[in-house]
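Given next are the chains, with one letter for each unit.
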Amino acid sequence: MTPGLSGAAGALAPGKLAALRRMLGFRSLAVIGGGAWCAEVIRQVRKLGFTGPVWPVHPKADEVAGERVFATIEDLPQAPDAAFVGINRRATIEAVEVLSRIGAGGAVCFASGFTEAQAEDADGADLQVQLVTAAGDMPILGPNCYGFVNGLDRVAIWPDQHGMRPVDRGVAILTQSSNIAINMTMQRRALPLAFMLTCGNQAQTHQAEIAMALLEDPRITAIGVHIEGFGDLRQWEALAARARARGVPIVALKMGRSEHAQAATISHTASLAGGDAGAQAFLDRLGIARLGDVPSFLETLKLLHVAGRLDGNGLSMISCSGGEASLGADMAVGRDLQFPPLTQDQQRELRAALGPMVALANPLDYHTYIWRDTQAMTRAWKGMTGRNVALTLSIVDYPHTDAADWACATQAALNCASETGRPFAVVATLPELMPEDVAQKLLDGGVIPFAGLHEALAAAEAAARPLPEPAAPVQLPGNCEADTTLTEAEAKQALAEHGLTVPRSVVVPADQAEAATRQLIGPFAVKGVGLAHKSEHGAVLLGVAASEIADAARRAGTADVLVEEMAGGGVAELLIGVTRDPAHGFVLTLGAGGVLTEILRDTVSLLVPSDRNAGRAALGKLACAPLLAGYRGKPAADLEAILDAIDAVQSYVIANADTVGEVEINPLICTATGAVAVDALIRKASS
């Protein structure tokens, strides 16, 4: 049993935690089947150093991979802690039922042809339901799953090659792709991989549940998750809360940037917030940094293993080449990283170490005057560290011909880490110029050995992201089809009941519009009723005087018109939109509003509900934020009124979560004394 998997597990039921502990750190293994995959499972677990019993099960064979065979599962000496089920999908269901009945700890279901194959085989989903029923309370991984390699306890259920080695502590990676998992185990970056686990279809045991169990092992320093889809959002929320409590960072490699999980319909919001906006907002809410490629993902886990989360985003960069220093600075542009100017203490220490010939700056080109003088290199590099610097990066590319002359750099880095206690890294600009043996020596001495400058900067940015304030659970949407669009007047009225400020208005037949002016104060906006994109049809007329109302109503081109008081004094126009995203909840989009919304694409996405602090922070990220703060002598917008409008929209969505599909305010006219929604759209289910 895995020694470290103990203690409370948040939302994970104690019984399931105990069962997962038993399976992931097994002391006995059954291998159901006799083919090449099953034989490889036995070879790989023995190769890793497992000396406990391995029991192949096959009705006809005498031995598999040198192990004595049992004819049936019932013939086994005792219920195994874990089993690899490497037979066809229908036989898998029968085997899992027997394993569960005799009290086995858990099973890896290798067979494919379940829900992932529904496009080719309509029986797949039904077979997966049967499999889950057969398993009962016994945990299963998969189906369509390779299993796992546990380098901490030297046990594995893995039907193929892998590159993992036994370790005393390290990072865990969970992925939904067995092929990506194999590739990551073959890394040669000195990343200590403690656990590699594939989840397959997650028919019964969720990826977040497994990560929750691994959190309880103090030997695991960080967790990386490769996610194709979240599934149960509540499991991820529980995992993030538990990881925060345990102080274990989680990072993600999330697929799906190129796909839109929802089609753009009639609102601007839907075209701006594709399916990935919800995924990103959910990860941001959980405090899980997202990486865009496998190398950066692995390098981030390496940084977190050595140094944990960084205490800021300030970097120092050191190089003996001005070209490398400039390259590093340029590559950081666009990332949430900074190079703080040198303090007086740093300048004094650097001048003493480097002499008068070196221009002092951050990034620093220290030339090669002190190369081979390890003591001088140490002093200079230490001078770039400090409490104002979260991570110091020294660029060193080791030649693959003869790297003996670079030993001074390795030792200087090790000295800096031990003498300062601050995060210190050596970075090879090209990944292949960080030799594995050097990387291992640096890592053993507490230095982060980065393979690749791009990867190093991505890792630093991810590790520097502060954890967000704990948020309420996301609002889950109902299962509905939004097939009805409210009129603008109906939408405004519905939102006004939840606190949204809207202009005074009336809806009248077009030939009676002139009479409406007696109830309102001009100038007026006149809009056609029943059109989705009124401005594109020339059905929005603004600044209309009372004497022009009749003509404007005719030009609107609809039987009925909406006549409302104009909102003046705006310093900015904003969009507030919400779209129903079945995979992630309700995506709240804030952005620059008006007719150019989709051209400007100045938006930020949150999830409902988001509190006022989150809304305030999101507004501050917009490119148009200076307008809200007061630009070039103009008054600032009433930020509290804007936040009131955001709250009103969210209140409506929460109250109508079972039926609402889209809500949009565009534009919200933001003034120095308020915020008025001059256009509104709601799409919802008719029942």
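Every value quoted in this text rests on a predicted model; they were computed, and no experiment measured them.

Glancing now at a nonpolar patch on the surface. Together, Val595, Leu596, Ile599 and Leu600 line one region of the surface with nonpolar side chains, adding up to about 440 Å² of accessible area. For leucine 596, the location among the structural elements is in the loop between β26 (585-592) and α20 (597-600).

Before going further, it helps to examine the confidence of the model for the chain. In the predicted model, the chain carries a mean pLDDT of 91, and 94% of its residues have values of at least 70. Within the model, the stretch residues 259-266 combines pLDDT values under 50 with 22 contacts to residues more than four positions away or in other chains.

Summed over the entire model, instances satisfying the criterion amount to 34 salt bridges. A salt bridge links arginine 101 to glutamate 74, with the shortest nitrogen-to-oxygen separation between them at 3.9 Å. In this pair, arginine 101 is assigned in helix α3 (residues 89-102) and glutamate 74 in the loop between β4 (67-68) and β5 (82-85), connecting sequence segments 27 residues apart. For arginine 101, a relative accessible area of 52% translates into the label exposed. Within this structure, Arg612, Arg616, Glu640, Asp644 and Asp647 form a network of salt bridges that share partners.

As a further point, take the nonpolar core. Counting residues in each nonpolar core, the largest one holds 111 residues, and the members touching the most others are Phe148, Ile223, Leu391 and Phe450. At 9 residues, helix α16 (residues 453-464) tops the list of elements feeding residues into this core. Once residues lying within four places of it in the same chain are set aside, the contact partners of phenylalanine 148 are Met23, Leu24, Phe26, Val108, Leu141, Val155, Ala156, Ile157, Trp158, Phe195, Met196 and Leu197. Listed in part, the 41 residues of the second largest apolar core include Val604, Ala637, Ala648 and Ala675.

Within the secondary structure layout, alanine 211 lies in helix α6 (residues 207-215). Residues within four places of alanine 211 in sequence aside, it is in contact with Leu174, Ile223 and Leu239.

A separate point is the state of the cysteines. Counted under the stated rule, the structure contains 0 disulfides. Of the cysteine sulfurs around cysteine 38, a residue in no disulfide, the closest is that of cysteine 109, at 12 Å. The thiol sulfur of cysteine 670 is not disulfide-bonded, and the nearest other cysteine sulfur, from cysteine 624, lies at 8.4 Å. Given the relative accessible area of 0%, cysteine 670 is considered buried.

Conventions used here
- Residues numbered from 1 in each chain as written.
- Predicted model: local features only at pLDDT ≥ 70, side-chain atom pairs only at ≥ 80, totals over all residues.
- Heavy atoms only, no water.
- Patch = residues over 30% accessible without salt bridge, like charges linked within 9 Å, V, L, I, M, F, W, Y side chains within 5 Å.
- Areas by Shrake-Rupley, 256 points an atom, 1.4 Å probe, with all protein chains shown as cover.
- Salt bridge = Lys/Arg side-chain N within 4 Å of Asp/Glu carboxyl O.
- Helix = DSSP H or I, 4+ residues; strand = E, 2+ residues; numbered from the N terminus.
- pLDDT = per-residue confidence, 0-100.
- Contact = heavy atoms within 4.5 Å.
- Buried < 20%, exposed > 50% of the residue type's maximum accessible area, 1.4 Å probe, protein only.
- Core = buried A, V, L, I, M, F, W, Y, C linked by side-chain atoms within 4.5 Å.
- Disulfide = S-S within 2.5 Å.

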